[in-house]
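# Overview (structure and organization)
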Amino acid sequence: MTYAITQTCCNDATCVAVCPVNCIHPTPEERAFGSTEMLHIDPRACIDCGACADACPVDAIFPVDALSAGQREYADINAAYYEGAEPLAAKAGGPTFHAWGEPVFERNLPSDFGPLRVAVVGTGPAGMYAAQDLLLHTAAEVTLIDRLPVAGGLVRYGVAPDHPATKKVGDTFSRFHSHPRVRMHLGIEVGRDVTAEELSVHHDAVVYAVGASTDRRLGVPGEETPGCLSATAFVAWYNAHPEAVAQGVDLSAERVVVVGNGNVALDVARILVADPEALAATDIAAHALDALRASRVREVVVLGRRGPGDAAYTRSELLALKHVPGVELVVDDHDPRTAAAIDAAGTGDRAGVLKGLARVRTDAASPVGGARRIVLRFHSEVVEIRGEGDGVHSVRVTDGAGDGGGTADLGAGLLLRAIGYRGLPVPGLPFDETSGTVPHEGGRVAGVPGSYVVGWIKRGPSGGIGANRTCAAETVGTLLADAVAGELPAPTGDARAFRRLARQRNRRVVDARGLAAIDRAERDRGRRDGRPRVKLATVEELVATARSGRLLRLTR
């Protein structure tokens, strides 16, 4: 028996580090690691030890004979990755039965290297991988800062609620929230409550992990029509983000159009037609669950500008979409190039996953009804969004059918754009308007000594949760090299002074004890409703719960 890596693979390579026989690839040292959709276990070399499954932070690794019906394809996907490749052989006379590269020690810290005081701005995966690296491999003291009064970032507010295994990576990060060398200041925003300069005055270094919080625009007529939303806002709404709770989403139309072909587009399409009672067992926002229970949406059309072989979603997410209970996945064949690409695709190609799916035509006259379904429409772009003050009525799209193509109208009451994210400027740091990132060299902010970036604000909106682990390793390595070289500006304030400053600027700062109180309250609410947690959905609720929990502990 061998193990297989499945859909929820986060690519952080923890499994690679613990595998005793080097059978998981690509490794972080291999060129393919930066572009791979997921990691793969070589069934010829796996010795069934289970170390990888134990170490996986997102429960993505299972014995092949324990895979569910919807996961059995992953045994073949893992094996296919190694087809035609020679098995790794050990060096003659070596002490092991597998090949390993020579050990590399990229960081050499002096024995008398003193503790640094580092601020990490952002508590999502990028920031927490950086904090974890510093805490596990140095004696650094870390100040965690987030503009929201609760930690988690993308894990809490970006992962779809029906992907609970992916959310488990948050458990890995949460153990550092109460670390003895961590000080937490949640609800503090750089540029509003404190400046970048003030952060630098109180710390040896500052790592910015602020992500890419806004979305890209379509740039077509009618984009400001009510009912035309960003997928970013929709995801925030169903994940109980405090800044989205007041925004209602009208789900009274039977058809929704989602523009984009990435994993986020598939996420929002799936949530729109999923069984609300299945979602009731997740941590989806209560207001979103109520809206989905009353929803009239029966069909979601996912528009892709290019063909099925060029889609941005991962093959594993598309495979999972084929197994959503009660939801039919079909392909719109308005353009002959779509069918040709699917028919010519190999079994390992992204387009090959679409073989065997029903092919339909979708236009304004197409009836919506019957089984809930997701329609993948390729070679199609939005030309215009039509509607009045009461919302979207239809979406005009390019139609490749016939000589020269033309346009077609899709009747729809909601349009969600999922065409990418974009970073915003950080006050006090340089910013590249073209890429939406902070200019840097190996994570070192250009022209601002002692300041560093990690995650999407560093490299742009690419890569999933696990990609931030290697990204953080590079940034932390640059930071430590600068410290050893004596190139970090010396701080003039200490941790206590920064705590006083933060609380002077914002009286509603949440610390680690307050965060623990929020976690307890949400889990208690969840237990009453048979759910993993029920999230507090406003800043006021979060702050009040943090304070009440903290005061209760102080009075005991």
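The paragraphs below set out a description of the structure included in this document. (Residues numbered from 1 in each chain as written. Predicted model: local features only at pLDDT ≥ 70, side-chain atom pairs only at ≥ 80, totals over all residues. Heavy atoms only, no water.)

To continue, consider the overall build of the chain. The helix and strand tally for the chain stands at 19 helices and 23 strands. Expected size for 556 residues packed as a compact globule is a radius of gyration near 24 Å; at 25 Å, the chain falls within 12% of this value. Structurally, the chain occupies a C-alpha span of about 70 × 70 × 50 Å along its principal axes. Looking at the 556 residues of the chain, the share that counts as buried comes to 52%. If you take every contact in the chain between residues at least 6 apart in sequence, the share linking residues at least 24 apart comes to 74%. For the chain, the exposed surface amounts to about 24,300 Å²; the carbon and sulfur share of it is 51%. Across the chain, the mean location of the 61 positive side-chain charges is 6 Å away from that of the 68 negative side-chain charges. (Helix = DSSP H or I, 4+ residues; strand = E, 2+ residues; numbered from the N terminus. Rg over C-alpha atoms; globule rule 2.2 N^0.38 Å. Buried < 20%, exposed > 50% of the residue type's maximum accessible area, 1.4 Å probe, protein only. Contact = heavy atoms within 4.5 Å. Areas by Shrake-Rupley, 256 points an atom, 1.4 Å probe, with all protein chains shown as cover. Lys, Arg positive; Asp, Glu negative; His and termini not counted. Charge placed at Lys NZ, Arg CZ, Asp CG, Glu CD.)

With that out of the way, let us pick up the nonpolar core. Counting 118 residues, the largest nonpolar core has I24, I41, Y238, V258, V300, L354 and I374 as its most contacted members. In contact with V300, not counting residues within four places along its chain, are V256, V258, A269, L272, V273, R373, I374 and V375. With 21 residues, the next largest nonpolar core counts L199, Y208, V426 and L501 among its residues. (Core = buried A, V, L, I, M, F, W, Y, C linked by side-chain atoms within 4.5 Å.)

This part covers the sheet that holds strand 16 (residues 382-388). The sheet built from three strands is open, its strands ordered 16-17-18 with antiparallel pairing. In this open sheet, the two strands that pair with only one neighbour each are strand 16 and strand 18 (406-411). For this sheet the average axis-to-axis angle between neighbouring strands, irrespective of direction, equals 25 degrees. (Pairing = 2+ DSSP bridges. Axes fitted to C-alpha atoms, helices over the stretch in contact; angles between N-to-C directions.)

Taken as a whole, the second largest pocket encloses approximately 810 Å³ of empty space. In this structure, the second largest pocket is lined by 32 residues; those nearest its centre are D171, S174, D519, R523 and R533. When contributions to the lining of the second largest pocket are tallied by element, the ones reaching two or more residues are helix 5 (154-157), helix 6 (164-167), helix 7 (169-174) and helix 18 (512-529). A total of nine residues in the lining of the second largest pocket trace back to one element, the largest contributor, which is helix 18. The residue inventory of the lining of the second largest pocket, partitioned by class, reads twelve nonpolar, seven polar and 13 charged. (1 Å grid on protein atoms, 1.4 Å probe; cavity = no way out; pocket = protein on both sides within 12 Å on 5 of 7 lines; lining within 4 Å. Points joined across faces, edges and corners; volume = space filled by probe spheres on them. Nonpolar A, V, L, I, M, F, W, Y, C, P; charged D, E, K, R; others polar.)

The subject of this paragraph is the pairing of strand 8 (residues 205-208). Successive residues of a regular strand alternate their side chains across the two faces of the sheet. Burial along strand 8 is two-sided: the residues A205 and V207 and V206 and Y208 are all buried. As paired strands, strand 5 (residues 117-121) and strand 8 are joined by four bridges and run parallel to one another. Looking across to strand 8, one finds that V121 is bridged to Y208. Across three bridges, strand 8 lies against strand 23 (residues 451-453) in parallel orientation. From the neighbouring strand, V207 faces strand 23, where its bridge partner is Y452.

What follows concerns the pattern of salt bridges. Taken as a whole, this structure holds 38 salt bridges when the rule is applied. Here D215 ties to R417 by a salt bridge, and the two come within 2.6 Å at their closest N and O atoms. Here the residue D215 occupies a position in strand 9 (residues 214-215), and R417 occupies one in strand 19 (residues 414-417), the gap between them amounting to 202 residues. Here R373 makes a salt bridge to E299, at a shortest N to O gap of 2.6 Å. With a gap of 74 residues between them, R373 in strand 15 (residues 372-377) and E299 in strand 12 (residues 299-303) connect regions that are remote in the sequence. Across the pair, E299 and R373 agree in class, each one buried. Salt bridges sharing partners connect three or more residues here, namely R156, D519, E522, R523 and R533. (Salt bridge = Lys/Arg side-chain N within 4 Å of Asp/Glu carboxyl O.)

Attention shifts here to the sheet that holds strand 11 (residues 255-259). What the seven strands build is an open sheet, ordered 10-19-11-12-15-13-14; its pairing is parallel. Either end of the sheet is taken by a strand with one partner, and the two such strands are strand 10 (228-230) and strand 14 (359-360). As paired strands, strand 11 and strand 12 are joined by five bridges and run parallel to one another. Pairing of R255 across the sheet is with E299, part of strand 12.

It is generally the case that most residues other than glycine have a negative phi and that most peptide bonds are trans. Residue P26 follows H25 across a cis peptide bond; omega there is -5 degrees. Counting through the fold element by element, P26 comes out in the loop between strand 2 (24-25) and strand 3 (40-41). Phi is positive for N11, which is not a glycine, with a value near 65 degrees.

For the coordinates displayed, the defined rule picks out five aromatic pairs. Considering the side-chain rings of Y421 and W456, the 5.4 Å spacing of their centres and the 40 degrees angle between planes classify their relative orientation as tilted. Of this pair, Y421 sits in strand 20 (residues 421-422) while W456 sits in helix 15 (residues 456-459); the two residues are 35 residues apart in sequence, bridging distant segments of the chain. One aromatic cluster is present, built from ring pairs that chain together F234, W237 and Y238. (Phe/Tyr/Trp six-rings, centres within 6.5 Å; stacked < 30°, edge-to-face > 60°.)

It is worth spelling out helix 3 (residues 73-81) at this point. Residues of helix 3 that are buried: Y74, A75, I77 and N78. All buried residues of helix 3 project into a common sector of 165 degrees when viewed along the axis, lining one side. Check the buried side of helix 3 and you find it contacts strand 1 (3-5), strand 3 and helix 13 (315-321). (Arc of directions from axis to C-beta.)

What follows covers helix 16 (residues 467-484). If you check helix 16, its first and last C-alpha atoms are 26 Å apart, about what 18 residues at 1.5 Å a residue would give, namely 26 Å. Of all the positions in helix 16, only N468, C471, A472, T475, V476, T478, L479, L480, D482 and A483 are classed as buried. Immediately downstream of helix 16, the backbone of G486 shows phi near 70 degrees, a positive value. (Expected span 1.5 Å × (residues − 1).)

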